[in-house]
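Analysis of the macromolecular model
Chain by chain, the residues:
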Amino acid sequence: MTIEIILILSLAVGMILLFVFELLPVEGIGLLMMVLLMATGLVSPEEGISGFSNQAVVTILALMIIGAALEETGAVETIGYKIKGLFSLPEWASVGLLMLIVGTVSAFVNTTAVVIVFLSILLKISDKIPTNLSKLLIPLSFAGIMGGSCSIMGTSTNLLVSSISKDAGFEPFGFFEFTPIGIGIFAVAFTYMVLFGRHLLPSRVAQKQPEEDFSQKAYSTIISINEGSSLLEKPLNRTIFYKGSTISIIALGRGNNPLRLPFRFEKLQVGDRLLIRANAEKIKELLENEKVSLLDEEDAEKVAKDPRQFVICEALIKPNSGLIGRKLSRIDLWNEYNIVNIGVHQVKRAFDAFSDYFSPAKALNIYLDNDTLEIGDSLLVLINKQEVETLSNTKDFVLLREFRELHYEPKKIVLSLAVLAAVVVLAATHVLPILVSALAGALVLTLLRCISLNKAFRSVNWNILFLLAGMIPMGIAMHNTGTDKFLADGFVKILPSKEPLIVIGAMFLFTTLLTSVLSNNATAILLAPIAISLAATLGFPPKPLLFAVMFGANTSYFTPIGYQTNTLIYNPGNYKFRDFFVVGGLLTVLIIIAATFLIYWCTF
C-alpha cells in the first residue's frame, strides 16, 4: 500500500463521515474533495476541474431544464389529473396503477418532479378516494425510483456510470440497454407491493379529512396569553391544553426569562408564552381564539388589513428550494413570499437551548435558530388567496393543499411533450448523443417559451451539480493512484467464490449499503472505478459489475432519507422510520436477489 493510496482512503473515509454527520452541505463536500485532491497533487488542476465539463454533468443539467419545462407547462400535472379518477378503484388496483403510471413517466422525466406532481394531486383528492394516503405514498416514491432506473435519462446515476464506463475506454450504455433489467426489477417490486407490501403499510392518515384538516402531523409554534383571558390564574392542568392529547406543551416563558419546562399546577399569567405542538386544525382554532395570541403585532397588522382574504396553507419544502440550509430566523417570509409563518414541522427535529425573546414570532424563530430547514420540512402559513398561485409556481414550495385549479396552455403542454419525445427518439436511435439531444431539447423549450431562461436557471439543482463536479476527480484520483485496483484485489480476497453470480450479488449488496449513508451519485462515482478494476482482475466484462453499481446505487428503499422522494413523502404520509425499514427492507432483499440474477442473465 503506497502513501498515495493511504491518502486517498483517508480522504474517502473523511468524506463518508462528512456525509453521515452532515457537517457540510453536499455541494460543500464535493468542492472540498476537489480542492484537497488538487492541493495534495493526487490530480492535476485540469483533472480537478474536469467534473464541470463532464458530459454526464452537462447532460444532467440539460435534463433538469427539460424536466422543469414539463413541470412549468403542466404536462405531468395534466397527465396526473386525467387519471385521478383511477384512484377511486379498490386499494390493490389504485396502488398498482399508480406504480405503473409513475414508473413509466419517471423513465423519461425527472423522478423528483414526477413524485412532487403526483403527491400534490393525491393530497388534493385524498378526501374523495377510498384508499388511505399512507397506502399510496410509499408506492409512489418507490415506483418513481425504480422507473428512473429503466432508461439512461431516468436518473443522474445512470448517466454518471455510463460516463465513467466511456472514460475508462469502454462503450457508454445504450439508451434502453439495461431497460430489460429495470423492467424485471420493477415487476418484482410491483408484485410485492400489490400483493404483500401494501398490507404492511400503516393507516395513520384519515381517509375522510375535513377540508382544513389537511395534515395530522404536529407543528411547533408559540402562543401568548392575552389580557382578560379566561385562562389567567388557571393551573395548566385545568386549561384547554390539558384536555386530551391534541396539544402538547413543550415549554413556558414568562417576562424576560427564557423558556423552561412548565409545572402542571403552575398558573398562567398575562403575556406568558407557551411553546406548543399541535396539528394544523388545532393551530387554526388557536388562531381564532381570543384567549391567546398566535401572531405578534407586526404579523397581526398584516392579516388584519383584510382577514377574509387569508387562508391557511401547508407548504412542503422542495428538494431544489432556496430555503434548504437556511435558518428560519433569518428568512423574511413576508417580503420574499407574502406569507406569514404560524408553525413548522421538521423531519429532523433538534430541541436546542432556548434564548430570550419577546414576541411569539421571534420566539418561534429563535427556538429554531440552531436548526436549519431541510428537504421535506413543512411550514404552516397564512397566505392571501390571490397569492396562492404565485407561491405554487415557485421552486421553493409544494402546496400540500391547493385552493384553486391552476390553468395551463394546452399548446405548450403538447409542445413540451413533443420535445421530450424528440429527445428520447434522437438519443435512442443514436442520431444524436444524449448530451446533444438533451441540450437541443432544453434550448428548443426556452425558444418556444415553455420555460423562461430565468426559471430554467432557477430550476437547476446546483448543489447536486457541484457535488458531482467535485466528486468526479475522486474517481480519477482512485485510478491514478491504483486505489481502485488495490480495493478490487481486497474485494476478491474476501469473496467466498469467484462465480459471476456471487460477485455481482456482493457488489450490488455493498453498493446498496453504501448508498444508505452516501448519496446515490457519490456512491456510484466511488464504486464504478472499483467495479471496472474488479472485472479486469476476474476476467469479467465490466458491464455486469457496472450495472450492479448503477442499480445498487438507486436501491434506496429502507430509510426515509435514502432518496429525496422518500423524504418528500415522509411527512405527508405520516410515516415513521420503521415503515420504510420494514416495507423497504423486505423489498431491498427481494431486489438484491432478483437484480443479481437479471444482471447475470442479461450480460453473460
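Residues numbered from 1 in each chain as written. Predicted model: local features only at pLDDT ≥ 70, side-chain atom pairs only at ≥ 80, totals over all residues. Heavy atoms only, no water.

Here the focus is the overall build of the protein. When its secondary structure is counted, the protein shows 25 helices and 8 strands. Summarising its shape, the C-alpha atoms of the protein cover approximately 85 × 55 × 45 Å along the three principal directions. The proportion of buried residues among the 604 residues of the protein is 57%. Of the contacts formed within the protein by residues at least 6 apart in sequence, a portion of 79% connects residues at least 24 apart. Looking at the protein as shown, the accessible area adds up to about 24800 Å², and 61% of this sits on carbon and sulfur atoms. On the protein, the mean spot of the 47 positive side-chain charges and the mean spot of the 49 negative ones are 5 Å from each other. (Helix = DSSP H or I, 4+ residues; strand = E, 2+ residues; numbered from the N terminus. Buried < 20%, exposed > 50% of the residue type's maximum accessible area, 1.4 Å probe, protein only. Contact = heavy atoms within 4.5 Å. Areas by Shrake-Rupley, 256 points an atom, 1.4 Å probe, with all protein chains shown as cover. Lys, Arg positive; Asp, Glu negative; His and termini not counted. Charge placed at Lys NZ, Arg CZ, Asp CG, Glu CD.)

Okay, a positive patch on the surface next. On the surface, K234, R238, K267 and K291 cluster together into a patch of positive charge. The topology assignment puts R238 in the loop between β1 (219-225) and β2 (247-253). On the accessibility criterion, R238 (58% relative accessible area) is exposed. (Patch = residues over 30% accessible without salt bridge, like charges linked within 9 Å, V, L, I, M, F, W, Y side chains within 5 Å. Salt bridge = Lys/Arg side-chain N within 4 Å of Asp/Glu carboxyl O.)

A word on empty space enclosed by the protein. If you walk through the whole model with that rule in mind, you get 3 cavities of 30 Å³ or more. Of the volumes computed, that of the second largest cavity is approximately 60 Å³. Lining the second largest cavity, in full, are M146, S149, G182, I185, F186, F551, N554, T555, Y557 and I591. Per element, the largest residue contribution to the lining of the second largest cavity is 3 residues, and it comes from helix α10 (residues 179-200). Looking at side-chain class alone, the lining of the second largest cavity contains 6 nonpolar, 4 polar and no charged residues. (1 Å grid on protein atoms, 1.4 Å probe; cavity = no way out; pocket = protein on both sides within 12 Å on 5 of 7 lines; lining within 4 Å. Points joined across faces, edges and corners; volume = space filled by probe spheres on them. Nonpolar A, V, L, I, M, F, W, Y, C, P; charged D, E, K, R; others polar.)

Bringing unusual backbone geometry into the picture now. For E233, which is not glycine, the phi dihedral falls at a positive 65°. Here E233 shows up in the loop between β1 and β2. One non-glycine residue, N574, lies in the positive phi region at around 55°. As for its position among the elements, N574 is in the loop between α24 (564-570) and α25 (577-603).

The next subject is helix α21 (residues 500-515). Its 16 residues place the ends of α21 22 Å apart at the C-alpha level, agreeing with the 22 Å of an ideal helix rising 1.5 Å per residue. Those residues of α21 not exposed but buried are P500, V503, I504, G505, M507, F508, T511, T512, L514 and T515. (Expected span 1.5 Å × (residues − 1).)

Within the secondary structure, S163 sits in helix α9 (residues 156-167). Judged by relative accessible area, S163 falls into the buried class, the value being 12%. Of the polar contacts made by the side chain of S163, one reaches the side chain of N54; its length is 3.4 Å. Apart from residues lying up to four places away in sequence, S163 is in contact with N54 and A56. (Polar contact = N/O pair within 3.5 Å; in protein donor to acceptor, adjacent residues only side chain to side chain.)

Our next topic: the packing of helix α6 (residues 91-106) against α10. In contact at an axis separation of 9 Å, α6 and α10 are set at 155° when each is read in the N-to-C sense. In terms of axis orientation, α6 runs roughly antiparallel to α10. Seen along the crossing, α6 lies across α10 with a hand that is right-handed. Across the interface between the two elements, E91, W92, V95, G96, M99, L100 and G103 from α6 touch F186, A189, F190, M193, V194 and R198 from α10. Looking at the contact of α6 with α10, its residues break down into 9 nonpolar, 2 polar and 2 charged. (Axes fitted to C-alpha atoms, helices over the stretch in contact; angles between N-to-C directions. Parallel < 35°, antiparallel > 145°, perpendicular 65-115°, else oblique. Left-handed = near helix turned anticlockwise from the far one by under 90°.)

Turning our eyes to something else, we now look at the nonpolar core. For soluble globular proteins, nonpolar side chains are generally found buried alongside one another. Counting residues in hydrophobic clusters, the biggest one holds 141 residues, and the most contacted among them are F118, L122, L140, F142, L534, F551 and I569. If you tally residues by element for this core, the top one is helix α22 (residues 520-538), at 12 residues. Once you skip the residues sitting within four places of it in the chain, L122 turns out to touch F87, L98, L133, L136, L137 and L140. Membership of the second largest hydrophobic core comes to 26 residues, among which are I225, L294, L380 and L382. (Core = buried A, V, L, I, M, F, W, Y, C linked by side-chain atoms within 4.5 Å.)

Moving on: the confidence of the model for the protein. Mean pLDDT over the protein works out to 84, with 91% of the residues at or above the 70 mark. Confidence drops under a pLDDT of 50 for residues 205-215, and excluding neighbours within four residues, the segment shows 32 contacts in the predicted structure. (pLDDT = per-residue confidence, 0-100.)

An ideal rise of 1.5 Å per residue puts 28 Å on 20 residues; helix α19 (residues 462-481) measures up with 30 Å between its terminal C-alpha atoms. Of all the 20 residues making up α19, 14 are buried; the element is thus mostly covered by neighbouring parts of the structure. Following α19 by one or two positions, G482 adopts a phi angle in the positive range, close to 80°.

Next up on the list: the pairing of β2. Here β2 lies mainly inside the structure; 6 of its 7 residues are buried. Bridging between β2 and strand β3 (residues 273-278) involves 6 bridges; their strand directions are antiparallel. Residue G253 lies in a different strand from β3, and its bridge partner there is R273. (Pairing = 2+ DSSP bridges.)

This part is about the pairing of strand β7 (residues 378-384). Counting buried positions over the 7 residues of β7 gives 7, a clear majority of the element. Going residue by residue along β7, you find S378, L380, L382 and N384 tucked away on one face and L379, V381 and I383 tucked away on the opposite face as well. Summarising the sheet, strand β5 (residues 310-317) and β7 pair through 7 bridges and their orientation is antiparallel. Across the sheet, residue C313 finds its bridge partner in β7, namely V381.

The geometry of helix α5 (residues 75-82) relative to helix α7 (residues 111-124) is characterised by a closest axis approach of 9 Å and an angle of 40° between their N-to-C directions. The pairing of α5 with α7 is recorded here as oblique in orientation. Helix-helix and strand crossings are classified by hand; for α5 and α7 the assignment is right-handed. Between α5 and α7, the contacting residues are V76, E77, G80 and Y81 on the first element and V114, V117, F118, I121 and K124 on the second. Class assignment of the residues belonging to the contact of α5 with α7 gives a composition of 6 nonpolar, 1 polar and 2 charged.

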